[in-house]
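# Secondary and tertiary structure notes
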Amino acid sequence: MQAVLFDLDGIITDTAEYHYLAWKSLAGTLGIEIDREFNEQLKGVSRVDSLAKILEFGEKDKKYSSTEKETLMNEKNELYLKRIQKMTPQDLLPGIYELLQSLKSNGYKIGLSSASKNGPMILNLLKIADFFDVVANPDSIEKGKPAPDIFLKGAELLNVSSHECVGIEDANSGITAILAAEMVAIGVGSQSQLAHADLVLSSTEELNVELIEAVWQKFHK
Ligand code: B16
Ligand code: MG
């Protein structure tokens, strides 16, 4: 194993809740009611694909032009940014800071493979940007999760083979993306949502270097 690629939302910090509240509020203004169960489908999914799923769910997908959709996405992002401005290192999920530290001191490369265009800003707010050797830019890839592109981009930027990487994700679409990139996949969340992962943990607190190395040893291709 040479590198670990992290998802951001739901693994490093719990922005998943803020994304949900922002989409729920935007959808409400369009007369579309979404709930947490529906939101599971939006986790790890890009901004543009999330809006498409919401409009389709509300049977309003033909109603808006691409310019109007652009405006709706900007409105959602404004709502989201307002909520996350006050983030501090205290918003790191349990065990993540210690994990980044020990991966670094054990010589592993670290990358971010998030669908979020706000990733670099959030790493700065959380004061962990220096741990990351690379941040894969979601604008630089063709297909979002569940396609493997964002994880393959992370490995490419780190200059390592995807077979040498472990990906860590909270979303069903993200686990599919990691496996499609032929990496070892660790899921954090519910066993039923993430059953296809090589290992599922219930909390980020359970993550540590020894465990990640052991999972890679057992499952790498
Ligand atoms: P933004 P991840 C994903 O991040 C979120 O899970 C998803 O809910 C969000 O729509 C997507 O980022 C895009 O985020 O609007 O900030 O560009 O889980 O891949 O780290
Ligand atoms: Mg996520």
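Quantities reported herein were computed from a predicted structural model and do not represent experimental measurements. (Residues numbered from 1 in each chain as written. Chains lettered and ligands numbered in written order. Predicted model: local features only at pLDDT ≥ 70, side-chain atom pairs only at ≥ 80, totals over all residues. Heavy atoms only, no water.)

### Focus: the coordination of the magnesium ion (ligand 2)
Listed as protein donors to the magnesium ion (ligand 2) are Asp7 (OD), Asp9 (O) and Asp170 (OD); their distances from the metal cover 2.1 to 2.2 Å. Taken in chain order, the donor set of the magnesium ion (ligand 2) reads D-x1-D-x160-D. Take Asp7 and Asp9: they sit in the same class, and that class is buried. (Donors = N, O, S within 2.8 Å, 3.2 Å for Na, K, Ca; no water. Buried < 20%, exposed > 50% of the residue type's maximum accessible area, 1.4 Å probe, protein only.)

### Regarding the packing of aromatic side chains
Applying the stated criterion across every chain yields a total of three aromatic pairs. An angle of 70° between the planes, with centres 6.1 Å apart, marks the rings of Phe6 and Phe132 as edge-to-face. Placement of the pair is Phe6 in strand E1 (residues 3–6) and Phe132 in the loop between helix H6 (119–125) and strand E3 (134–135), with a sequence separation of 126 residues. Of the two residues, Phe6 and Phe132, neither departs from the other in class, the shared state being buried. Plain terms: the ring middles of Tyr97 and Phe131 are 5.4 Å apart, the flat faces sit at 80° to each other, and that makes the pair edge-to-face. Taken together, the residues Tyr97 in helix H5 (residues 96–105) and Phe131 in the loop between H6 and E3 connect sequence positions 34 residues apart. (Phe/Tyr/Trp six-rings, centres within 6.5 Å; stacked < 30°, edge-to-face > 60°. Helix = DSSP H or I, 4+ residues; strand = E, 2+ residues; numbered from the N terminus.)

### A word on H5
Looking only at H5, the buried set comprises Ile96, Leu99, Leu100 and Leu103. Down the axis of H5, the buried set is contained in an arc of 100°. They therefore lie on one face. Residues of H5 that are buried in the fold lie against E1, strand E2 (109–112) and helix H9 (209–219). Of the residues flanking the end of H5, it is Gly107, one or two places downstream, whose phi is positive at about 85°. (Arc of directions from axis to C-beta. Contact = heavy atoms within 4.5 Å.)

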